[in-house]
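Tertiary structure, described
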Amino acid sequence: MLNIKTIKQLRVDIKRWRMAGESIAFVPTMGNLHAGHLQLVQTAKQQADRVVVSIFVNPTQFNEQDDFTNYPRTIDADVEKLQSAGVAMLYMPEREEMYSCEVHTKVSVRTVTEIHCGASRPGHFDGVATVVCKLFNIVQPDKAFFGEKDFQQLLVIRTMVADLNCPVDIIGIATFRETDGLAMSSRNNHLTKEERRQGAYLYQTLCSAKQAVLEQQASFAEIEKTSLQALSEKGFIPDYFSICRRHDLRAAAIGDTQLIILAAARLGSTRLIDNIQLELIL
Ligand code: PAF
């Protein structure tokens, strides 16, 4: 596996692969890799000749300095995992390489970023869209792979790619879960033993809400309210629990069929997000 730190170096190898007619799949990450990331890599491997993975803990998408500072960094273990997974190139730029001089430009996707995580974390999605756009320009992949756990992020990236005509296919991959249902996330490492046990309840609440919607047990608003209460009772501090239309993440109404339920909640100092998709047959 090539371990690359500079854009200049990266471009030499990408050009060599392109000259040989090879296709490139890209998995951007912030490191602290878990089985969910490796699933993205495996799927990427099946769809392209070369897989490039980036590890960059992007400072501009963090709202709190402490969150950035405490973000788990496990580079040696990550390198080993990527090597065993058959990744062709790891791109691990320094902060100065990505944000070298005074920055004058940012990518700001409107509308879909104004709700849910965008409302709770102002500027977060600008940071994500900008760094992903920069990474796409650097790597110039044919396809890029993202987990569906961060469903709003996936929609932000799809919107950016459509609006800016970025020549890359965006592939969303189903959330990888622990055996008790907790969505895999680097942030799970921050949970205490007790919080880790409680954490599974977020997905259970999403599953119960899905069942309630499918069986029309109550209105969407009532199901949201009951779910928020249930999370609070289990020790979460919920941020939102919203039954939405999948295509734009706006509140679902009667007659909508392609739905997603999005949830975010804090357990202690850790903010967890998750979602579940469902289809209503009218
Ligand atoms: O999902 C992540 O890990 C990050 O938001 C991403 C897409 C790598 C951008 O920094």
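Quick caveat, the model's predicted, so the values are computed rather than measured.

So, about the sheet that holds strand 5 (residues 143-147). Read from one edge of the open sheet, six strands run 1-4-3-2-5-6, paired in parallel fashion. At either margin of the open sheet sits one strand with a lone partner, and together these are strand 1 (2-4) and strand 6 (169-173). Averaged over all neighbouring strand pairs, the angle between strand axes comes to 25 degrees, with direction disregarded. Summarising the sheet, strand 5 and strand 6 pair through five bridges and their orientation is parallel. In the sheet register, phenylalanine 146 faces strand 6, and the bridge partner there is glycine 172.

Right, let's get into the sheet that holds strand 9 (residues 270-279). An order of 7-8-9 is seen for the three strands of this open sheet, with the pairing classed as antiparallel. Strands at the two margins of the open sheet, each flanked by one partner only, are strand 7 (237-245) and strand 9. Neighbour to neighbour, the strand axes of the sheet diverge by 10 degrees on average, direction disregarded. Summarising the sheet, strand 8 (residues 258-267) and strand 9 pair through ten bridges and their orientation is antiparallel. The partner of leucine 262 across the bridge, within strand 9, is asparagine 275.

Neighbouring the ligand are Pro28, Thr29, Met30, Asn58, Gln61, Val131, Val132, Phe146 and Gln153. One of the side-chain N or O atoms of glutamine 61 is found 2.6 Å from an oxygen atom in the ligand. A distance of 2.7 Å separates an oxygen atom of the ligand from a polar atom in the side chain of glutamine 153. Within the complex, the protein chains bury 88% of what would otherwise be the 290 Å² of accessible surface of the ligand. At the level of secondary structure, the elements contributing two or more residues to the shell around the ligand comprise strand 2 (24-29) and helix 7 (124-139). Grouping the amino acids of the shell around the ligand by side-chain chemistry returns five nonpolar, four polar and no charged.

So, on to the state of the cysteines. Simply put, disulfide is the name for a covalent bond between the sulfur atoms of two cysteines. One pass over the full model with this rule turns up zero disulfides. Free cysteine: cysteine 133, not disulfide-bonded; nearest cysteine sulfur from cysteine 166 at 5.1 Å.

Bringing unusual backbone geometry into the picture now. Positive phi values are uncommon outside glycine, yet histidine 116 reaches one of about 50 degrees. Its place among the elements puts histidine 116 in the loop between helix 5 (95-98) and helix 6 (117-120).

Should their charged atoms come close, side chains of opposite charge can pair. In total, this model carries twelve salt bridges according to the counting rule given. Here aspartate 67 ties to arginine 187 by a salt bridge, and the two come within 2.9 Å at their closest N and O atoms. A residue pair is termed long-range when its members are at least 10 positions apart, and aspartate 67 in helix 3 (residues 65-70) and arginine 187 in the loop between strand 6 and helix 9 (193-214) qualify at 120 residues. Grouping residues by exposure puts aspartate 67 and arginine 187 together as buried. A salt bridge links arginine 177 to aspartate 274, with the nearest nitrogen and oxygen atoms 2.9 Å apart. A residue pair is termed long-range when its members are at least 10 positions apart, and arginine 177 in the loop between strand 6 and helix 9 and aspartate 274 in strand 9 qualify at 97 residues.

Moving on: helix 8 (residues 151-163). Taking 1.5 Å of rise per residue, 13 residues should cover 18 Å, and helix 8 covers 18 Å from first to last C-alpha, within 8% of that figure. Looking only at helix 8, the buried set comprises Phe151, Gln152, Gln153, Leu154, Leu155, Val156, Ile157, Met160 and Val161. Residue asparagine 165 follows helix 8 closely and has a positive phi angle near 50 degrees.

Aspartate 67 sits in the buried class, given a relative accessible area of 19%. In contact with aspartate 67, not counting residues within four places along its chain, are Phe62, Arg121 and Arg187.

This part is about the pairing of strand 2. Here strand 2 lies mainly inside the structure; six of its six residues are buried. Every second residue of strand 2 is oriented toward a common face, with Ile24, Phe26 and Pro28 on one face and Ala25, Val27 and Thr29 on the other, all of them buried. Note that strand 2 and strand 3 (residues 50-55) share six bridges and pair parallel. When the sheet's bridge partners are listed, phenylalanine 26 is paired in strand 3 with valine 52. One crossover worth recording links strand 2 to the parallel strand 3 by way of helix 2 (residues 35-47), and it is right-handed. The pairing of strand 2 with strand 5 spans two bridges and is classified as parallel. Counterpart to phenylalanine 26 in the pairing with strand 5 is alanine 144.

The rules we used
- All residue numbers here refer to positions counted from 1 along the written sequence of the relevant chain.
- Local features in a predicted model are, by the rule used here, given only for residues with pLDDT of at least 70; side-chain atom pairs are given and counted only at 80 or more, and totals for whole chains, interfaces and linings are based on all residues.
- Only hydrogens and water are set aside when side-chain values are computed; all heavy atoms of the structure are taken into account.
- Note on pairing: DSSP must find at least two bridges between two strands before they are called paired.
- Runs of E in the DSSP output that reach at least two residues are strands. Runs of H or I that reach at least four are helices, and both are numbered from the N terminus.
- To define axes, lines are fitted to C-alpha atoms, for helices over the stretch in contact only, and angles between the resulting N-to-C directions are given on a 0 to 180 degree scale.
- Here a residue counts as near a molecule or strand whenever at least one of its heavy atoms sits within 4 Å of it.
- Side-chain atoms alone can form a polar contact between residues adjacent in sequence; in general such a contact is a pair of N or O atoms within 3.5 Å, and within protein one must be able to donate a hydrogen while the other accepts it.
- Here, Shrake-Rupley sampling with a 1.4 Å probe gives the accessible areas, and only protein chains in the shown set may cover a residue.
- Each residue is assigned to one of three groups, with Ala, Val, Leu, Ile, Met, Phe, Trp, Tyr, Cys and Pro labelled nonpolar, Asp, Glu, Lys and Arg labelled charged, and all others, Gly among them, labelled polar.
- Counting rule for disulfides: a pair of cysteine sulfur atoms within 2.5 Å.
- Salt bridge, as applied in this entry: a Lys or Arg side-chain nitrogen positioned within 4 Å of an Asp or Glu carboxyl oxygen.
- Under the scheme applied here, a residue whose accessible area is under 20% of the maximum for its type counts as buried, over 50% as exposed, and between as partly exposed, the area being computed with a 1.4 Å probe on protein chains only.
- Expected helix span is taken as 1.5 Å per residue step, with the number of steps being one fewer than the number of residues.
- Only heavy atoms matter for contacts: two residues are in contact if any of them lie within 4.5 Å across the pair.
- With its strands directed away from the observer, a crossover is right-handed exactly when the path from the first strand over the helix to the second travels clockwise.

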